[in-house]
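# Analysis of the macromolecular model
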Amino acid sequence: MDTEPLTLRPLGDTGIMLSPLGLGTVKLGRDRGVKYPQHFNIPDDRAARQLLDQARALGINLIDTAPAYGSSEQRLGELLKGQRQHWVICSKVGEEYIGEQSHFDFSAKHTRASVHRSLKRLNCDYIDIVLVHSDGRDLEIIQHQEVLQELAQLKAQGLIKAFGMSTKSVAGGLAAAQCSDAVMATYNLGYRDEVPVIDYCQTHRRGLLVKKALASGHLASSGADPVQQSMDLIFAHPGVSSAVVGTINPLHLRANVAAAQRSLAQFQSTDKDSGKGAS
Ligand SMILES: NC(=O)c1ccc[n+]([C@@H]2O[C@H](COP(=O)([O-])OP(=O)(O)OC[C@H]3O[C@@H](n4cnc5c(N)ncnc54)[C@H](OP(=O)(O)O)[C@@H]3O)[C@@H](O)[C@H]2O)c1
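Rules behind the numbers
- Here, residues in each chain are numbered from 1, in the same order as that chain's written sequence.
- pLDDT decides what is reported in this predicted model: residues at 70 or higher carry local features, side-chain atom pairs at 80 or more are listed and counted, and totals for whole chains, interfaces and linings draw on all residues regardless.
- Excluding hydrogens and water, the side-chain figures rest on all heavy atoms present in the structure.
- The convention used is that axes are lines fitted to C-alpha atoms, helices contributing only their stretch in contact, and that angles between N-to-C directions extend from 0 to 180 degrees.
- Per the convention used, a helix needs a DSSP run of H or I reaching at least four residues, while a strand needs a run of E reaching at least two, with both numbered from the N terminus.
- With respect to orientation, any angle under 35 degrees is reported as roughly parallel, any angle over 145 as roughly antiparallel, any angle of 65 to 115 as roughly perpendicular, and every other angle as oblique.
- By convention the crossing between two helices is left-handed if the near helix lies anticlockwise of the far one by an angle smaller than a right angle, and right-handed if it lies clockwise.
- Should any heavy atoms of two residues lie within 4.5 Å, those residues are considered in contact.
- For this classification, the nonpolar set comprises Ala, Val, Leu, Ile, Met, Phe, Trp, Tyr, Cys and Pro, the charged set comprises Asp, Glu, Lys and Arg, and every other residue, Gly included, is treated as polar.
- Residues enter a nonpolar core if they are buried and are Ala, Val, Leu, Ile, Met, Phe, Trp, Tyr or Cys, with the set joined through side-chain atoms within 4.5 Å.
- Between buried and exposed lies partly exposed: a residue is buried under 20% and exposed over 50% of the maximum accessible area for its type, with that area taken using a 1.4 Å probe on protein chains only.
- One heavy atom suffices: a residue is near a molecule or strand as soon as one of its heavy atoms comes within 4 Å of it.
- N or O atoms within 3.5 Å of each other form a polar contact, as long as, within protein, one can give a hydrogen and the other can take it, and as long as residues adjacent in sequence are counted only when both atoms are side-chain atoms.
- For every accessible area listed, the method is Shrake-Rupley and the probe measures 1.4 Å; residues are considered covered only by the protein chains on display.
- Only strands joined by at least two bridges in the DSSP assignment are considered to pair.
- Classification remark: right-handed applies to a crossover when, strands pointing away from the viewer, the course from the first strand over the helix to the second runs clockwise.
- Take the residue count of a helix, subtract one, and multiply by 1.5 Å to get its expected span.
- Regarding the arc, it is the one traced by the directions from the helix axis to the C-beta atoms.
- Centre distance within 6.5 Å is the pairing criterion for rings of Phe, Tyr and Trp, where only the six-membered ring of Trp is used; planes under 30 degrees apart are then read as stacked, over 60 as edge-to-face, and the remainder as tilted.
- Working rule: Lys NZ or Arg CZ, within 6 Å of ring centre, within 35 degrees of ring normal, means a charge sits over the ring.

### Considerations on the packing of helix 7 (residues 170-178) against helix 8 (residues 195-203)
The axes of two packed helices give the description: the angle between them and the distance between them. Two elements in contact, helix 7 and helix 8, have axes whose closest approach is 8 Å; the angle formed by their N-to-C orientations is 15 degrees. Comparing the axis directions of helix 7 and helix 8 gives the class roughly parallel. You can see that helix 7 and helix 8 cross each other, and the crossing is right-handed. Across the interface between the two elements, Val170, Gly173, Leu174, Ala177 and Gln178 from helix 7 touch Pro196, Val197, Tyr200 and Cys201 from helix 8. Within the contact of helix 7 with helix 8, the residues separate by chemical class into 7 nonpolar, 2 polar and no charged.

What follows is the structure in structure tokens.
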């Protein structure tokens, strides 16, 4: 293999070790109501299995799914049989995608039922990370809904190892980081508004997952090598635990890992030069 496998790093202070790049799996389960620039076909089992094998060989152990990603959870449950221990699985609660429409429910009852359903679909007895799938009303959900308290109880029961929220605002990201293990925030070349959330997570040892690192594929006008530029931007921030990038293209997957490796090597050597490297 010409690309070195990725080295694992911590998700805040959860004890979970994950790869700096994760694999997003919207496109393994859903092709309706998505905002990607090009039409695509959901890969069949053979192609999906090859993609997962390739990801694993490249050192990716983080896989991101959700009940709202169509058949993604169910397919992963089948495709990852026999290799559960090799993966850090991140799923979500709160959003349901039914009949080409999103519905949201942040009640305790729905949260518990949704996590149990995810466990069944994913064929596992625990999920590593469960995030609240925000509908945009981040603060209202954090302050007035039961979902985060219920996730804390599921964690106490050992059904999930860590929980947090995929937020859509700075105020929401900061509030979620104060009362959970991890936040998923948007960060890319065209959108840097949520950097204060990444800063906070770094200072307070919370996990920080980046979503839409490649602006959901809308990168064309961002320069000569927008993928490398994106990785350089993301991995320059030491508060980022991992960037979840969605792809069903094996060439893109390999290129993304190679670009991430170049960025990581660059920033690690900068840290060493400035005396910040680990002793
Ligand atoms: N929690 C949330 O609210 C939320 C929201 C959005 C996303 N997410 C998670 O984050 C993941 C990533 O988000 P995303 O899929 O919206 O955005 P993204 O990772 O920024 O972009 C994915 C798109 O970029 C393309 N791409 C990937 N690598 C490429 C490369 N090297 N060159 C050119 N194009 C490339 C992919 O197409 P190809 O398949 O052709 O490579 C895909 O269409 C999702 O899968 C999901 O797991 C979470």
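After presenting the structure, the write-up continues.
### Thoughts on the nonpolar core
One finds Leu21, Ile60, Val132, Leu151 and Leu208 to be the most contacted residues of the largest nonpolar core, which totals 62 residues. Ranked by residue count, the leading element in this core is helix 10 (residues 250-273), at 5 residues.

### Points about the site of the ligand
Around the ligand lies a shell of 27 residues, among which Tyr36, Asp64, Ser166, Thr247 and His252 are the nearest. Residue glycine 217 places a main-chain N or O atom 3.4 Å away from an oxygen atom belonging to the ligand. Histidine 252 places a side-chain nitrogen or oxygen 2.6 Å from an oxygen atom of the ligand. Taken by itself the ligand offers 900 Å² of open surface, and the protein chains cover 87% of this. Only helix 1 (26-29), strand 12 (242-246) and helix 10 provide two or more residues apiece to the shell around the ligand. When residues in the shell around the ligand are grouped by element, the largest group, 3 residues, is from strand 12. Grouping the constituent residues of the shell around the ligand by class yields 11 nonpolar, 11 polar and 5 charged.

### What about unusual backbone geometry?
With phi around 50 degrees, alanine 215 is a residue other than glycine that occupies positive phi space. With respect to the element layout, alanine 215 can be found in the loop between strand 11 (207-211) and helix 9 (226-235). In this structure, serine 216 takes a positive phi of about 55 degrees despite not being glycine. On the secondary structure map, serine 216 appears in the loop between strand 11 and helix 9.

### Structural notes on the pairing of strand 10 (residues 182-186)
A large share of strand 10 lies buried, amounting to 5 of its 5 residues. Judged from the 3 bridges that link them, strand 9 (residues 160-166) and strand 10 form a sheet pairing that is parallel. The residue of strand 10 that forms the bridge with methionine 165 is valine 183. A crossover links strand 9 with its parallel partner strand 10, the connecting element being helix 7, and its sense is right-handed. Relative to strand 11, strand 10 is paired through 5 bridges, and the arrangement is parallel. Among the inter-strand pairings, alanine 185 is bridged to a residue of strand 11, identified as valine 210. Taking the sense of rotation as the criterion, the β-α-β connection linking strand 10, helix 8 and strand 11 turns out right-handed.

### A few points about helix 2 (residues 45-57)
Taking 1.5 Å per residue, 13 residues should reach 18 Å; helix 2 reaches 18 Å between its end C-alpha atoms and fits that length. All of the buried residues in helix 2 are Ala48, Leu51, Leu52, Gln54 and Ala55. Taken end-on, helix 2 shows its buried residues confined to a sector of 160 degrees, consistent with a single buried face.

### Side note on the packing of aromatic side chains
Here the structure, examined in full by the defined rule, presents 2 aromatic pairs. Judged by centre distance (5.9 Å) and plane angle (80 degrees), the ring pair of tyrosine 36 and phenylalanine 40 falls under edge-to-face. Judged by its relative accessible area of 25%, tyrosine 36 falls in the partly exposed class. With a centroid separation of 6.1 Å and 25 degrees between ring planes, the pair formed by phenylalanine 104 and phenylalanine 106 is classed as stacked. Overall, the relative accessible area of 35% leaves phenylalanine 104 in the partly exposed class. Taking NZ or CZ as reference, lysine 27 lies 4.8 Å from the ring centre of tyrosine 36, over its face. Across from the ring centre of tyrosine 126, 4.2 Å away, lies the NZ or CZ of arginine 84, which sits over that ring.

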